[in-house]
Amino acid sequence: MCDLSSEKKEPVIEMGCMLRSDKMTLCDVYLQPEAAFEVLSRLGEIGCVQFIDMHPDLQLFQRNFVQEVCRCAEMERKLRYMDHEMKIHDIFIYSMKEEPKAAPVHELVQFEAMVEKWGNDITEITTNERDLMKDFLELTELLYVLEYIGPLLGQAEISEDQETRMHGKLHEVQPFGGRLVVITGVVRRAKAYGFEMMLWRLSRGMIHYRQAKEDKILIDPASHTEIRKVAFLAICQGEKLAACVQKVCSCFKVNTYPCPNTYEDRTTMMDKLQTNITDLSQVLEKTRYLRCKALRTVSKQYQAWMAQVKKSKAIYHQMNMFDLDITSKVLIGQCWVPDVDLEVVHSTFTKCCHDLQTNVESFISKREHNLVPPTYHRVNNFTRGFQNLINAYGDSAYRELNPGLYTVITFPFLFGVMFGDVGHGMIMFIFGIWMCVNEKKFIAENSTNEIWNIIFGGRYVILLMGAFSIFTGLCYNDCFGLPFTFGRSYFRNHKSVEELSRGEMIDVDPAGKTGSVYLLGLDPIWSLSKNKIMMDNSIKMKLSIIIGVVHMIFGVVLSLVNFCYFKRCYSILLQFIPEVVFLSFLFFWLVIMIFYKWFLYSAKSTDQEYGTSCAPQILILFIDMALFSETKPVEENCKLAYMFEGQRTVQMFLICVALMMVPILLFGTPLYKLKTNKKKREKAVQNLTQYKYSVMDPKDDEKYDQKVQELTEEVQKHSESFGELMIHQGVHTIEYVLSTISHTASYLRLWALSLAHAQLSEMLFHMILSKLALKDHSVFGCIKVFIIFAVWAVFSVAILVVMEGLSAFLHTLRLHWVEFMSKFYSGGGYQFQPFYFKRMLAGESEKTEAGCKKMMHLRMD
């Protein structure tokens, strides 16, 4: 249920709503213009109403409240400019103590004037500061040029009898050999080499170029960043070459400055420049003080102002969706409301009209419709991450079974099967706990980093993935590539110390003398055995097949729940039963054979036929079953080719029944729909004909046209041809039959990634930490342990946790989207997006500037 209070609270979460989306009701809304703003403001606080645009084809400048929207957009633009200035100058922005209400119409003018005043003041101060900084930069560069280039000229003077002519910033001298041009200025250090080479190539070496020995670090007035420049002196001969040099200076954005003719003039100018720079620095400090004072004043109210502006603009956007009835002076609209929130919405309308004391009440009423309602799943902080994984594939259809509820367990479990390692799972688990403990802090910061927001949004997903990885790591007996011991091994040692010292690996033979079963997970002695890879391959491959088949059967069973809820009884007989029989009689039989072989055959068996040497291969049995061929014994001395008597007959029966399900799945639904659609179409045509004859005067009757359109759509709905039905069902049948095989094989990625992760973790430990550090028992080895351990830790986190974790995450996501959800999930709905201030404040603002500019252009015309 939604809360009526204006405090920032989430609607109360009902976990039952995760199973299916909430039931939705389409309502007509009637708002009095004087109460519309306040009613929408209160509805925005509780966030359980989605309004429908009554005129989706109209542009923004054609709407009724475009002027108010543009005024709010202009205030938002000014506030964002202030925010930009505060971030540049590291001004702390205070958070809101209480979230303000939207600024109503009678307060909007005063609020707009206040925002405009502060915006103009900050803009004026910033512009003045930028101009002062530009002048300060030019004076500083000129002083730098005179300080470092002046000594290069020394006591030299350029007399008037040498026919010197001044052209802007060029000092041209006419000596006895031709006119010399002296150019001084500053160039960026990054462009200095290219600038010098360009001048040298342009003049073919006929230019005298010198640079200062020390660079000068200056502040760019536009970006407030440091820039490094160097002063230069260039002397060339001739007007044509001087003009080319000036063009090069323009291309490299070089600032050139005049150099006085005499040594005394240069000294005098330097003294004046130092005085002017000192005075300008004082003015700059005063300007910066006034700017910071203004920005600090704004920073205390910025969050509240921005919230008010955003709320007001959002309300006017919603009001633009309504239809304005001029005759009755009322705003008419439509909205979707969850059934459980209808009482809250009704009470909100009643309370608002009572508080405003309006003459005519605003109200909401239900209406009948044939529209498809939106999908609304109520989630909390824990389930939101899992639901986002499902929504990334597609929003579920209205009232369709939601896979997000089951994903809470199945997703981290399948991830743990691929990522099973106690150490790596512990790292992931601790990281998830850290994010969950500091949840409120990170939410308040409202970070704009997209990658961090994705990771933080899935904090509970990461937490459970780490927990399940620890569990499967215990089952695999794997921690950073090493086993651990909880008790005595199942196997007993029958070799002497000398025999064990000859090699690193040993043979593990379960047929020999053994002890009690190991306490938890795999026996640690397997890590020292030669046949470890064979054992891991066998058990992990069989586990992946078992998990995959059970997971797919669970998905098919969930489709039965959908058929029962939507009362599609024909789909139970013609789709669910053939699908579950086909899947169970083929691949669940494979799972039964795996378990039967585990229990029937043993290395300690006294009967040779039930020993490991005569145990039939399950893969060969399954292939022969699909090919209708007879299986032969594994070895010549083995008599039995099957695990029990009559197994071939049972397998032939299963494969025949499974193949019989294919034509039922292919032709059942089209034939049934063809029969039922014919009756429904005749009835729809009869209803359409009767309605047309029952209306006497249908001219200019909107209700008549709407009713005829609904009846015509009903006729077309049941006019689908048999060919179209067969094409649709044929695609589904072929996809299901082929995908059953491919999806079962796809679950082998559980085995492949688990084995790869274990081998990579073991190799990383032995090749880096063990080989390079732990085997060195000298004094220097103690130092190496710290260094090599740091390298091993970095590689473990970067490769095994981050990269391998991301790979396992993507593979788990694929198993859910393709192999699991395709069995029952259509994902053809659209999401319920209520008018909710909290969600709107956390997101980005809507782009309204284009529509506002269009409106201003039309008014000018």
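Residues numbered from 1 in each chain as written. Predicted model: local features only at pLDDT ≥ 70, side-chain atom pairs only at ≥ 80, totals over all residues. Heavy atoms only, no water.

By the naming in an unreviewed UniProt entry, the protein is V-type proton ATPase subunit a, taken from Arctia plantaginis. What UniProt records for the protein under Sequence similarities (unreviewed entry) is the sentence "Belongs to the V-ATPase 116 kDa subunit family." If you open the UniProt record of the protein and go to Function (unreviewed entry), you find "Essential component of the vacuolar proton pump (V-ATPase), a multimeric enzyme that catalyzes the translocation of protons across the membranes. Required for assembly and activity of the V-ATPase." (UniProt positions renumbered as here; feature names shortened; annotations may be inferred.)

Draft legend 1. Spatial organisation of the overall build of the protein. Assigned secondary structure in the protein consists of 24 helices and 12 strands. Counting every position in the protein, which comprises 861 residues, the buried fraction comes to 44%. Intrachain contacts of the protein at a sequence separation of at least 6 include 80% that bridge at least 24 residues. Surface summary for the protein: the accessible area is close to 47600 Å², and the carbon and sulfur share equals 60%. (Helix = DSSP H or I, 4+ residues; strand = E, 2+ residues; numbered from the N terminus. Buried < 20%, exposed > 50% of the residue type's maximum accessible area, 1.4 Å probe, protein only. Contact = heavy atoms within 4.5 Å. Areas by Shrake-Rupley, 256 points an atom, 1.4 Å probe, with all protein chains shown as cover.)

Draft legend 2. Up close: the state of the cysteines. In the structure shown here, the tally under the stated rule is 1 disulfide. Sulfur-sulfur distance for the disulfide between C614 and C638 comes to 1.9 Å. On the S-S bond that ties C614 to C638, the torsion sits near -80 degrees, and the link is left-handed. Separated by 24 residues along the polypeptide, C614 in the loop between helix 16 (569–600) and helix 17 (618–626) and C638 in the loop between helix 17 and helix 18 (647–694) bring together distant segments of the chain. Judged by its relative accessible area of 1%, C614 is buried. Overall, C638 belongs to the buried group, its relative accessible area being 4%. Distance from the sulfur of C251, which forms no disulfide, to the nearest cysteine sulfur (C249) is 9.3 Å. Judged by its relative accessible area of 65%, C251 falls in the exposed class. (Disulfide = S-S within 2.5 Å.)

Draft legend 3. Spatial organisation of the UniProt feature "transmembrane region" (unreviewed entry) in the protein. The feature "transmembrane region" (unreviewed entry), as given by UniProt, occupies residues 405–431, 451–474, 543–565, 572–596, 652–672 and 789–813 in the numbering adopted here. As a span, residues 405–431 carries 89% helix and 0% strand, and end to end its C-alpha atoms are 24 Å apart.

Draft legend 4. View of the packing of aromatic side chains. Taken as a whole and assessed by the stated rule, the structure comprises 43 aromatic pairs. Ring geometry for W434 and F442: centres 5.2 Å apart, planes at 65 degrees, overall edge-to-face. Residue W434 is classed as partly exposed on the basis of its relative accessible area of 41%. With relative accessibility at 12%, the residue F442 sits in the buried group. Ring plane angle 85 degrees and centroid distance 5.3 Å describe the contact between Y565 and F566, whose orientation is recorded as edge-to-face. On the accessibility criterion, Y565 (33% relative accessible area) is partly exposed. What links up through ring pairs into an aromatic cluster is the set Y393, Y406, F554, W817, F820, F824 and Y825. Across the ring face of Y565, the terminal group of R20 is positioned such that the distance to the ring centre comes to 4.0 Å. (Phe/Tyr/Trp six-rings, centres within 6.5 Å; stacked < 30°, edge-to-face > 60°. Lys NZ or Arg CZ within 6 Å of the ring centre and 35° of its normal.)

Draft legend 5. The arrangement of the packing of helix 9 (residues 404–418) against helix 22 (residues 779–820) in detail. Helix 22 packs onto helix 9 with a crossing angle of 130 degrees between their chain directions and a minimal axis gap of 9 Å. The angle between helix 9 and helix 22 falls in the class oblique. Between helix 9 and helix 22 the crossing geometry is right-handed. Of helix 22, the residues touching helix 9 (which contributes T407, T410, F411, L414, F415 and M418) are G805, A808, F809, H811, T812, L813, L815 and H816. By residue class, the composition of the contact of helix 9 with helix 22 is 8 nonpolar, 6 polar and no charged. (Axes fitted to C-alpha atoms, helices over the stretch in contact; angles between N-to-C directions. Parallel < 35°, antiparallel > 145°, perpendicular 65-115°, else oblique. Left-handed = near helix turned anticlockwise from the far one by under 90°. Nonpolar A, V, L, I, M, F, W, Y, C, P; charged D, E, K, R; others polar.)

Draft legend 6. Geometry of a nonpolar patch on the surface. A contiguous nonpolar surface patch, about 640 Å² in accessible area, is contributed by F780, I783, F786, I787, V791 and F795. In this structure, F780 sits in helix 22. By relative accessible area, which is 53% here, F780 ends up exposed. (Patch = residues over 30% accessible without salt bridge, like charges linked within 9 Å, V, L, I, M, F, W, Y side chains within 5 Å. Salt bridge = Lys/Arg side-chain N within 4 Å of Asp/Glu carboxyl O.)

Draft legend 7. How the structure looks around the packing of helix 10 (residues 422–437) against helix 13 (residues 459–476). At a minimum axis separation of 7 Å, helix 10 and helix 13 run at an interaxial angle of 155 degrees. Taken together, the axes of helix 10 and helix 13 lie roughly antiparallel to each other. Seen along the crossing, helix 10 lies across helix 13 with a hand that is left-handed. Each of V422, G425, M426, M428, F429, F431, G432, I433, M435 and C436 in helix 10 lies in contact with helix 13, whose residues at this interface are R459, Y460, I462, L463, M465, G466, A467, S469, I470, G473 and L474.

Draft legend 8. Inspection of the confidence of the model for the protein at higher detail. This prediction gives the protein a mean pLDDT of 84; 88% of its residues lie at or above 70. Strand 3 (residues 165–167) is the least confidently modelled element of the protein, averaging 37 in pLDDT, while helix 10 averages 95, the highest of any element. Residue range residues 1–16 is modelled with pLDDT below 50. Its contacts to residues more than four positions away, or to other chains, number 35 contacts. (pLDDT = per-residue confidence, 0-100.)

Draft legend 9. Looking closely at helix 17. For helix 17, every residue scored as buried is listed here: I618, L621, F622, D624 and M625. Axial view of helix 17: buried residues confined to an arc of 165 degrees, hence all on one face. F628, located one to two residues past helix 17, shows a positive phi value of around 60 degrees. (Arc of directions from axis to C-beta.)

Draft legend 10. Looking closely at the nonpolar core. Counting residues in each nonpolar core, the largest one holds 71 residues, and the members touching the most others are M428, M465, L583, L586, M593, M625 and L750. Top contributing element to this core by residue count: helix 16, with 13 residues. Once residues within four sequence positions are removed from consideration, M593 is found in contact with I618, L621, M643, Q647 and Q651. Counting 55 residues, the second-largest nonpolar core is a separate cluster that includes A36, F51, C72 and F349. (Core = buried A, V, L, I, M, F, W, Y, C linked by side-chain atoms within 4.5 Å.)

Draft legend 11. Molecular detail of the pattern of salt bridges. Applying the stated criterion to the full structure yields 22 salt bridges. Across the pair R80 and E76 runs a salt bridge, and its minimum N-O distance is 3.0 Å. A residue pair is termed a helical-turn pair when its members lie 3 or 4 positions apart in one helix, as R80 and E76 do in helix 2 (residues 66–88) at 4 residues. Across the salt bridge formed by E129 and R291, the nearest N and O atoms sit 2.2 Å from each other. You can see E129 sitting in helix 3 (residues 105–153) and its partner R291 sitting in helix 6 (residues 263–320), a full 162 residues away along the chain. As far as the burial class goes, E129 and R291 line up, both buried. Several salt bridges share partner residues, and in doing so they unite E129, E285, R288 and R291 into one network.

Draft legend 12. Spotlight on the environment of T410. Inspection of the secondary structure puts T410 in helix 9. The exposure class assigned to T410 is buried, which follows from its relative accessible area of 16%. Sequence spacing of T410 and H551 is 141 residues, and the spatial spacing of their C-alpha atoms is 8.6 Å. Each residue touching T410, except ones within four places of it in the same chain, is listed here: H551 and H816. A distance of 2.8 Å separates a polar atom in the side chain of T410 from a polar atom in the side chain of H816. (Polar contact = N/O pair within 3.5 Å; in protein donor to acceptor, adjacent residues only side chain to side chain.)

Draft legend 13. Seen up close, the pairing of strand 11 (residues 330–338). Of all 9 residues that make up strand 11, 8 are buried, and the element is covered over most of its length. Inspection of the sheet shows strand 1 (residues 24–31) paired to strand 11 by 8 bridges, in the antiparallel sense. When the sheet's bridge partners are listed, V29 is paired in strand 11 with G333. Bridge count between strand 10 (residues 323–325) and strand 11: 3 bridges; the pairing is antiparallel. In the sheet register, D323 faces strand 11, and the bridge partner there is I332. (Pairing = 2+ DSSP bridges.)

Draft legend 14. Highlighting the side chain of D22. Counting through the fold element by element, D22 comes out in the segment before strand 1. A relative accessible area of 6% places D22 in the buried class. At 2.7 Å, the side chain of D22 forms a polar contact with the side chain of R378.

Draft legend 15. How the structure looks around the environment of Y460. In this fold, Y460 is placed in helix 13. Along the backbone, Y460 and F429 are 31 residues apart, and their C-alpha atoms lie at a distance of 9.6 Å. In contact with Y460, not counting residues within four places along its chain, are N381, F382, F386, C436 and E439. A distance of 2.8 Å separates polar atoms of two side chains, one belonging to Y460 and the other to E439.

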